[in-house]
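Okay, here's what each chain looks like letter by letter:
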Amino acid sequence: LFEAVGDRLGQANTLKAIGDVLQFRKDNDQALEKYAQALALFEAVGDRLGQANTRAALARLKVAQGDITAAELELHAVIEIRWEMGDHYSEGADLGNFAIALLNAGHKEKACLYARRAQAAFAALNLPYITAQTEQLIAAACGE
């Protein structure tokens, strides 16, 4: 049983990594396919971290594809998983990375909202250095 789970986790991680490369190369349709395959495997073995990481990548991909509503729904699922896991640092990182994707896609108003949420998440963890870094993102997105 453990070998089968390990094999599926390895396959899922590989598919997610391939999806990341494809997304970087702007082959979004193929990236979407690989992320979907990875997510199905992560869900099958109950790997919440893999699910969250894959969904975060999917959220950014959907921003790149212009489907902001679907991207926000995907991010909501990511944040829910992060809260279940108690992984509030990654929550802040996901919010910040989502804000960057929105900003790069020209959605400054929404980017501003998510940048502020990222900063609040890092501030709640008493991470002043990272909180200060998000000020640059807020300045770019919010015009401050």
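The structure this text deals with has already been given above.
First, a word on what this report is: a plain description of the structure on this page. The structure displayed is predicted, hence computed values, not measured ones.

**Looking at the packing of aromatic side chains**
Then, number 1: On inspection of all chains with the given rule, the structure shows 2 aromatic pairs.
Then, number 2: Where Tyr-89 meets Phe-122, the ring centres are 5.5 Å apart and the plane angle is 55°; that geometry is what we call tilted. One end of the pair, Tyr-89, is in helix α5 (residues 88-104); the other, Phe-122, is in helix α6 (residues 108-124), and 33 residues separate them in sequence.
Then, number 3: Judged by its relative accessible area of 42%, Tyr-89 falls in the partly exposed class.
Then, number 4: Where Phe-98 meets Tyr-114, the ring centres are 4.8 Å apart and the plane angle is 80°; that geometry is what we call edge-to-face. Within this pair, whereas Phe-98 is found in helix α5, its partner Tyr-114 is found in helix α6, the two being separated by 16 residues in sequence.
Then, number 5: Since its relative accessible area comes to 1%, Phe-98 is described here as buried.

**Structural notes on the environment of Ala-101**
Then, number 1: For Ala-101, the location among the structural elements is in helix α5.
Then, number 2: With a relative accessible area of 15%, Ala-101 lands in the buried category.
Then, number 3: Between the C-alpha atoms of Ala-101 and Arg-60, which are 41 residues apart in sequence, the distance is 6.0 Å.
Then, number 4: Sequence-distant contacts of Ala-101, that is, excluding residues within four places in its chain, are made with Arg-60 and Val-63.

**Regarding the pattern of salt bridges**
Then, number 1: Scanning the entire structure with this criterion turns up 8 salt bridges.
Then, number 2: For Glu-72, the salt bridge goes to Lys-110, with nearest N and O atoms at 3.2 Å. Taken together, the positions of Glu-72 in helix α4 (residues 68-85) and Lys-110 in helix α6 put the pair 38 residues apart, joining distant regions of the chain.
Then, number 3: A salt bridge links Arg-82 to Asp-94; its shortest N-O distance comes to 2.7 Å. With a gap of 12 residues between them, Arg-82 in helix α4 and Asp-94 in helix α5 connect regions that are remote in the sequence.
Then, number 4: The exposure class assigned to Asp-94 is buried, which follows from its relative accessible area of 7%.

What counts and what doesn't
Residues numbered from 1 in each chain as written. Predicted model: local features only at pLDDT ≥ 70, side-chain atom pairs only at ≥ 80, totals over all residues. Heavy atoms only, no water. Phe/Tyr/Trp six-rings, centres within 6.5 Å; stacked < 30°, edge-to-face > 60°. Helix = DSSP H or I, 4+ residues; strand = E, 2+ residues; numbered from the N terminus. Buried < 20%, exposed > 50% of the residue type's maximum accessible area, 1.4 Å probe, protein only. Contact = heavy atoms within 4.5 Å. Salt bridge = Lys/Arg side-chain N within 4 Å of Asp/Glu carboxyl O.

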